[in-house]
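Here is how the chains run, residue by residue.
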Amino acid sequence: MDDEVMLELAVKTTDTVALDEIQAALSEVNPQRWPQDRDPFTILAIAANAGTIISALLELKDRLSKQSKPAPQIVIRNVERLELTLPDATQETLRQLIDAGKPAS
């Protein structure tokens, strides 16, 4: 069974409607908006088991790709500050990012 994983999403927008839609799409991974934004980025922390996070991020990628308006840039970071952009995310690259952030056993 997967342990809980925490990732950071840096969303390049301060559009509250877009952010609310992204948070709603990620509801199963408990998105928490950081109180201090890093203009022009809004930071969301997500936490769940690895499988749930991977599924939620791939579903978000698919949902945003189908919108008529351009999606905001989203950068996914692990605890080691390694990053991956959402459009480049696949099940394999997300798994690598998650595994790279786990402490050695």
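Here the structure is a predicted model, which means the values were calculated and not measured.

Chemist: Quick question: what am I supposed to make of the sheet that holds strand β3 (residues 42–49) here?
Modeler: Strand pairing within a sheet occurs via backbone hydrogen bonds; the two strands may be parallel or antiparallel. Here five strands make up an open sheet; going across it, the order is β2-β3-β1-β4-β5 and the pairing antiparallel. The open sheet has two edge strands with one neighbour each: β2 (32–33) and β5 (83–85). Here helix α3 (residues 91–100) sits on the sheet in contact with β1 (4–11), β4 (74–77) and β5, set at roughly 160 degrees to β5.

Chemist: Please clarify how unusual backbone geometry should be interpreted in this entry.
Modeler: Residues other than glycine predominantly adopt negative phi, and peptide bonds predominantly adopt the trans conformation. A positive phi angle, near 55 degrees, is found at Asn30, a position not held by glycine. Residue placement: Asn30 occurs in the loop between α1 (16–25) and β2. Among the residues examined, Asn30 registers a relative accessible area of 45% and is labelled partly exposed. For Arg81, which is not glycine, the phi torsion reads 70 degrees and is therefore positive. With respect to the helices, strands and loops of the structure, Arg81 is situated in the loop between β4 and β5. On the basis of relative accessibility, which here comes to 44%, the residue Arg81 falls in the partly exposed class.

Chemist: For this particular structure, what's the right way to read the nonpolar core?
Modeler: Among soluble globular proteins, nonpolar side chains are generally buried collectively. Membership of the largest hydrophobic core comes to 27 residues, with the highest contact counts inside it found for Leu9, Leu26, Ile53, Leu57 and Ile76. When residues of this core are traced back to their parent elements, those giving at least two are β1, α1, β3, α2 (50–65), β4 and α3. In terms of residue count, the dominant contributor to this core is α2 (seven residues). With sequence-adjacent residues up to four places away left out, Ile76 is seen in contact with Leu7, Glu8, Leu9, Leu57, Leu82, Glu83, Leu84, Leu86, Ala89, Leu94 and Leu97.

Basis of the calculations
- Residues numbered from 1 in each chain as written.
- Predicted model: local features only at pLDDT ≥ 70, side-chain atom pairs only at ≥ 80, totals over all residues.
- Heavy atoms only, no water.
- Pairing = 2+ DSSP bridges.
- Helix = DSSP H or I, 4+ residues; strand = E, 2+ residues; numbered from the N terminus.
- Contact = heavy atoms within 4.5 Å.
- Axes fitted to C-alpha atoms, helices over the stretch in contact; angles between N-to-C directions.
- Buried < 20%, exposed > 50% of the residue type's maximum accessible area, 1.4 Å probe, protein only.
- Core = buried A, V, L, I, M, F, W, Y, C linked by side-chain atoms within 4.5 Å.

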